[in-house]
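Descriptive structure summary
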Amino acid sequence: MSAISTFNLCKQYKFVKALNDVNMTVNKGDIYGLIGRNGAGKTTLMRIICGLTSQTSGSFSLLGETEENRIIDSRAKMSAIIESPALYKNFTARENLQIMALLKGIDIKSSKIDELIELSGISKLSLKAKVKNFSLGMCQRLALVMAFLNNPEILILDEPVNGLDPEGIKEIRELLKQLNQEGGVTILISSHILSELSHLATTYGIIDKGLLIEEVSAKNLEEKMKQSLNIVLSSKEDMQKAAEILSQQFGGIDCKIEGDTIAVKGENLDEKASKINMALSKAEIMIKGMSVNSTDLEQYFLDKTREDR
Amino acid sequence: MINLLKHEFFKFFRSLGFKLLIIIVSGISLFFVGLSLLMLSGIEMPEGYSYDMQGYSAIVNAFGDFSNVSIVIAVIISMIVVAEFQSSTIKNTVMYNQSRLKIYIAKYLLQLVAITIAVTAYLLAYIILFNAYSGWGEVFSFSSLWNNYIKIYLMGMLLCYAISAFINFFAYLTKSTALLIVIIIAITFIFSILYTIQNDLPPLLEGFSKILFSLVVMRYYSDSSIINLVYYFISVVLLFFPFFLGGYMLFNKQEIK
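Keep in mind that this is a model prediction, so the values were computed, not measured. (Residues numbered from 1 in each chain as written. Chains lettered and ligands numbered in written order. Predicted model: local features only at pLDDT ≥ 70, side-chain atom pairs only at ≥ 80, totals over all residues. Heavy atoms only, no water.)

**Remarks on the sheet that holds strand S7 (residues 154-158) of chain A**
Sheet strands line up and pair through hydrogen bonds in the backbone, either parallel or antiparallel. Residue and element names in this part refer to chain A. Pairing in this open sheet of 6 strands is mixed, and the strands run S6-S7-S8-S4-S9-S10 from one edge to the other. Looking along the sheet, the strands with just one partner apiece sit at the ends: strand S6 (78-81) and strand S10 (211-217). Pairwise comparison of adjacent strand axes, ignoring direction, gives a mean angle of 15° for this sheet. Pairing of S6 with S7 involves 4 bridges; the strand directions are parallel. (Pairing = 2+ DSSP bridges. Helix = DSSP H or I, 4+ residues; strand = E, 2+ residues; numbered from the N terminus. Axes fitted to C-alpha atoms, helices over the stretch in contact; angles between N-to-C directions.)

**Focus: the interface of chain A and chain B**
The interface of chain A with chain B comprises 29 residues on the first partner and 25 residues on the second. Here chain A meets chain B over a buried area of about 2400 Å², counting both sides, of which 59% is carbon and sulfur. By the criterion of area lost to chain B, the three top residues of chain A are A:Leu52, A:Leu102 and A:Leu103, representing 27% of everything that side buries. At the surface where chain A touches chain B, the tally comes to 3 salt bridges. Linking A:Lys11 and B:Glu255 is a salt bridge whose minimum nitrogen-to-oxygen distance equals 3.0 Å. Counting only elements with at least two residues in the side of chain A that touches chain B, the list comes to helix H1 (42-50), helix H2 (68-74), S6 and helix H3 (93-103) of chain A. Here the side of chain A that touches chain B gets 6 residues from one element, more than from any other, and that element is H3(A). Classifying every residue of the side of chain A that touches chain B gives 16 nonpolar, 6 polar and 7 charged. (Contact = heavy atoms within 4.5 Å. Buried area = accessible area lost by both parts, 1.4 Å probe. Salt bridge = Lys/Arg side-chain N within 4 Å of Asp/Glu carboxyl O. Nonpolar A, V, L, I, M, F, W, Y, C, P; charged D, E, K, R; others polar.)

**What about the nonpolar core?**
Residues A:Ile4, A:Met24, A:Ile156 and A:Leu188 are the most contacted members of the largest nonpolar core, which totals 118 residues. When near neighbours in sequence (up to four residues on either side) are disregarded, A:Leu188 contacts A:Ile4, A:Met24, A:Val26, A:Tyr32, A:Leu34, A:Met46, A:Ile49, A:Leu155, A:Ile156 and A:Leu157. Counting residues in each nonpolar core, the second largest holds 22 residues, with B:Leu21, B:Phe32, B:Ala114 and B:Met157 among its members. (Core = buried A, V, L, I, M, F, W, Y, C linked by side-chain atoms within 4.5 Å. Buried < 20%, exposed > 50% of the residue type's maximum accessible area, 1.4 Å probe, protein only.)

As structure tokens, then:
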């Protein structure tokens, strides 16, 4: 069952189409990384799911519910941080947690609040300070802890590591992984730090100009990011022969001679590498070196969105 | 709904705004008492006559200054709504399992309680200050409790609730403190002019002028006639329902930033 599904979701602002027929599926237990440029539609999509704005057309389901009133009920099992952390700035961290606990109908004990404050990494010295005096990083941490308060089934996080130092980013990543793996929490997360997402996400959605241009699992993406298998032969004279053998024996690959290298492009190159090795050895072609050339998530995203333009 | 109310009340009673509200209304009381006493001290009464400004007269006097005060209190309290929009914390309530109707009603209920506290604080401060200066007199009696005190108090309060719904509409519309204050000053100014020239208004607007008159005067001349009382209730209803519903319709369709 999907945790969140959208069906031809559209959002039209006065002059801009922020979302255009978006069909997204976030399965239960996924960490779904939403990637896109500024203004691509990531936040709008999250805001619609959270009920902060309404769609112009299309629909969505939340934990299997599609009817508006039932979606509102389902939101009790969800927590979200959209854009900036929504904290009560004239109150302390403890009071903020109490306020949220009351809103979520949780009978929270003082010891649990202490535990959560410790988890947030807010120093004891800051406990008496009002949140308005906190740094952005501290606000972000407190907002995250407030989001965990109701043990949500779904977490929606829009740029959650904004303002955090590298140590804080790592801590949050570990925490989110732990929540996902041990608690089964489904996470929909957007971040500009794509390298950060690549440590976390199990599925990616690439969104550009309001269009969801690709939805891909982390495993498949890893394969797709392996751009080419580069083969260097001992003898340059064998290059043409080797390219012909590979093209004849392996379907779905594309061989190109680039200088002293044969660049093989196609799917499942890791699996094919040993077979290619064997085929060339059989034809008595000596291989000097073989490597899989991969791209990173950032480059893949840039290539993908450029393709689409 | 209960959780939502607990959440709203917790925030309000622990906020600096609540403490400021009590200080501000007490300050307004002090100001008006001072003003009234200053004006009275300047009047020379003929021999054998005296102004009775004790007991019942104090509350009547307090409500005499109440037209402006009720607007000030309602504006301050509508800041509860504006502040939530300005700090984006309204997102929290909208996101967690709450329909916008429930949120709207919970906020209005909190405002009613806040208004009741603020108006009561204003009146108590006024009566205590006034009588501490002028003496308590002998006018208070239980038999006159309903007519002289409770009725006037309830009518004043009812009007204040309606004014709050009216101002709330503009709070949801503007979501800005400065803009809200500008709009309310402009509306008050227009209504003051209309009230001043009410006798010169065309016959078609006669009803309107009576409504204005009843809003301003009726609270402390409530015994004068039944028809004025009817006008008073009509005006309260006219002030409350369209703006209460309008406020909800606005909020229900609003983008929450």
